[in-house]
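The lines below spell out each chain.
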Amino acid sequence: MPNFDFDKRRTSHNCLHNRSGSTTKIISNNNNSSSGFSFNKLTNMPSFITCTLLAFCLFITLASSDSIPTQNMSNKEREALREEARDMFYHAYHAYMDNAYPADELMPLSCKGRYRGVTPSRGDMDDILGNFSMTLVDTLDTLVVLGDFAEFEHAVKLVIRDVQFDSDIIVSVFETNIRMMGGLLSAHILAEYIQKNAQVMPWYKGELLEMARDLGYRLLPAFNTSTGIPHARVNLRYGMKDELLKKSRETCTACAGTILLEFAALSRLTGDPIFEARAHAAMDALWKLRHRGSDLMGTVLNVHSGDWVRRDSGVGAGIDSYYEYLFKSYVLLGDDKYLARFNRHYNAVMKYVSEGPMLLDVLMHRPHAKSRNFMDALLAFWPGLQVLSGDLKPAVQTHEMLYQVMQMHTFIPEAFTIDFQIHWGQHHLRPEFIESTYFLYRATGDHHYLQVGKKVLKALQQYAKVPCGYAAVNDVRTGKHEDRMDSFVLSETFKYLYLLFTEPQDLILNIDEFVFTTEAHLLPLSLAQLGNSTYSFRQSEEHNVLDFMRTCPSSNKLFPEKVRKPLRNFITGSCPRTPATKRLRALDFQASNADHLRAVYDMGITMVSLGDGKVRLFHSFYNAKSPEEGEMGLQFMQEMLELTKLQSLNQLAQLQAVAYPLDDKSNEWTALMAGPSHFSPELTEDDFVESEVLLAEPLRACDERLANAEKVKGKILIAERGDCTFVSKARLAQKAGALALIVCDNVPGSSGETQPMFAMSGDGINDVKIPVVFMYSQEFAKLSKVMQRRPHMKIRIMQMIEFKRWQMAKESSKVNGSNTTEAAPSAPSTTPSSSTTTKVTKKSKPEKEL
């Protein structure tokens, strides 16, 4: 069994002055254009590789800048908060141990344990559970971080005695790996460490490592795919032979790409190479599936064919920890291809996904097209990863945006819209925001981040603490609790809170000698020294020096306060407005927002209504409130021109059309814009659905059965947004036999002319087979008026760009004097027989490229 010498590894992060007396030289300049290399005498690695490791140490020196804010937190207050964080951990830990163990999770409102197959099922959510005491295993290394060796020893004995994996249970490969595998490996490493350095646990002989090996072999069958990308789920006893898994096809990018740290550690600790080999193969397969034009990844893929199922690309749910493991695999294993891959993806994210401090999902194959109008809480990890990779300024900006969202809603909601309203109101006590806060504080020394941590801590104490632990918040608007306390609350949330308020020298571990996994488990940097003789680390020919150029931070001194100041009032309503501190961008402008209208007026911009919801903008320096406002107005107008050009192309490509004839006898058609959905078939090219329309009863379509279900079959159903999810309405419509569903907005006055069209999101289960589109209120109002006059009118749902082509073909036919009757392009054989179609003549049909 490998043994560790932790003292020898201190040189790897003593990056300013290492023990050999040599000083690491970094080639850089103020414009970041240097490509010079130098070598660290100790590691003999090029400095363009080592400086990413050094970035963390370099930023610590910024704390001595002259710009240190005056409102520093006293040592006394910081120590009090550290002890309060410790008490919070033990309140939750003892609640679990006293009332739930050996269950996987504590149910803090019921004050009992959650067992798979015993407590009421939560559907796919329960794939996290395996009846293997997950919370205790996930929490073991936190006890060592707190210095509680006695409780750690007791907990390890319980795990060795009680936890077993030979169960006929289907579990998530991703969650089992990061929580259970990571927990066992980290606990094993720390058990050997304190055994050697604190002379405790002399009886320990590597039992946790053997348990990890057993679990690893039970996860391996998931990797038996034609691509090498693992299945999302596996049966702990029967592997992929389970009947329920035989049709398994889909997994998320993060699920497949968050394996390597744990599997590499397992291989290097046991000497069994198969785990690391399989994880490398999965990462290589994922890399080959990136979009070669944008370097972006989608979020859901088919593990057998490698085809993308969902092409949304961002940094949040479904993809987050894939990026994290690319970078940390380089740091932990020393394989520079992962650094190159990370940088390629990072540059793409900052080019297409980043919108100032916001991170908005795009389509990987159409990266200028936004795929949804909300952000999710999981993206809060991104600033921490940016800190580790050396890009501090955007990390400060995004963290500040998230902090303002937190101040606005007490907690960061599970998802929030681009105007920072609540999209999903849950808060599961997630650790990602406090994780980024911790890394920003360690990198800058700015006490602002201590104050942020204090705000998070006090919010948890006031709104989440219950007599039996800490309960997730079901809705941040009402403060209603949910009977849920995930294992990551103990493994990550309280661990990062404690670390934030603890001086590094007061810890029993040198944290800089470890890499945190995505579940905040500690893996030592010395794993790289163990090596893996069966896996060849060669720099791929597809990477070159340009892929390493952005790893070194700028040498310019940058204190976070200077970056945060312009963003102080970024979110309207979270603080008193100071208009001069934030320029309104064209991308953010909403004509229905009174503050936006006032801002553009101050910039010298006047609007003239053209009717039908459209306006024309005029700009004049003479009307501006000040010369500075006039300059901002000019910039706003230039952005608006560019935005209009992009929207006219991008929106047309993804917009759906709800089309209908102007009257019962006319061949003239008109179309209203509608948005697509992620969970239903996309109507593209010649695809369309045509039928009569019917309003759902009840209109929200959230009941178990529609009151007018017998009338729905063969028709296009209309339902109103609200009370339940989009996909729930779609399933109800499909069950009743509808050919398609139109969801109309429940916000009066909303319009696609003034608001960005968005694609409706589902729940990850792709069982909806009918087209589903979304219409804003004003567009639906026009359709509703026509329906009142013509109750049996047929409408047609199709792609907007195809409708435009059809119209152009008709115009062309008229000009050429053709007698051909023009109609919509013909539908494929799957189109319902109720649709009447006539093929546009080949002569008059316009080219695809418009």
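Look above for the structure.
Residues numbered from 1 in each chain as written. Predicted model: local features only at pLDDT ≥ 70, side-chain atom pairs only at ≥ 80, totals over all residues. Heavy atoms only, no water.

Undergrad: Would you take a moment to explain the packing of aromatic side chains for this structure?
TA: Remark: the centre distance and the inter-plane angle together describe each pair of aromatic rings, the angle taken between the planes. Inspection of the entire model under this criterion finds 27 aromatic pairs. Between the aromatic rings of F89 and Y90, the centroid separation amounts to 5.1 Å while the plane-to-plane angle is 80°, which identifies the pairing as edge-to-face. In this pair, the class of F89 matches that of Y90, namely buried. An aromatic cluster is built from Y322, Y323, F327, Y330, F342, Y346, F381 and W382, whose rings are joined through pairwise contacts. Between the NZ or CZ atom of R564 and the centre of the ring of Y449, over which it lies, the distance is 5.3 Å. Taking NZ or CZ as reference, R796 lies 4.5 Å from the ring centre of F688, over its face. (Phe/Tyr/Trp six-rings, centres within 6.5 Å; stacked < 30°, edge-to-face > 60°. Buried < 20%, exposed > 50% of the residue type's maximum accessible area, 1.4 Å probe, protein only. Lys NZ or Arg CZ within 6 Å of the ring centre and 35° of its normal.)

Undergrad: Looking at this model, I keep getting lost on the sheet that holds strand β27 (residues 716-720). Mind explaining?
TA: Consider a sheet: its strands pair through backbone hydrogen bonds, and that pairing is either parallel or antiparallel. Strands sit in the order β25-β24-β30-β26-β27-β28-β29 across an open sheet of seven strands; the sheet is mixed. On the outer flanks of this sheet lie β25 (669-674) and β29 (772-775), each paired with one strand and no other. In this sheet, adjacent strand axes meet at a mean angle of 35° when their direction is disregarded. The pairing of strand β24 (residues 656-661) with β25 spans six bridges and is antiparallel. Bridging across to β25, A659 finds its partner in A671. In this fold helix α22 (residues 726-735) packs onto β27, β28 (740-744) and β29, with an angle of close to 145° to the strand it touches most, β28. (Pairing = 2+ DSSP bridges. Helix = DSSP H or I, 4+ residues; strand = E, 2+ residues; numbered from the N terminus. Axes fitted to C-alpha atoms, helices over the stretch in contact; angles between N-to-C directions. Contact = heavy atoms within 4.5 Å.)

Undergrad: Would you explain the pattern of salt bridges in this entry?
TA: Should their charged atoms come close, side chains of opposite charge can pair. Within this structure, the stated rule accounts for 42 salt bridges. Notably, a salt bridge pairs D506 with R82, separated by 3.8 Å at the nearest N-O pair. Residue D506 is located in the loop between α16 (488-500) and β20 (514-516), and its partner R82 is located in helix α2 (residues 75-99); the two are separated by 424 residues in the primary sequence. With relative accessibility at 46%, the residue D506 sits in the partly exposed group. Residue classification places R82 among the buried residues on the basis of a relative accessible area of 17%. The partner of D745 in a salt bridge is R721, and the shortest N-O contact between them spans 3.3 Å. Taken together, the residues D745 in the loop between β28 and β29 and R721 in the loop between β27 and α22 connect sequence positions 24 residues apart. A residue is classified by how much of its surface remains accessible, and D745, at 7% relative accessible area, is buried. (Salt bridge = Lys/Arg side-chain N within 4 Å of Asp/Glu carboxyl O.)

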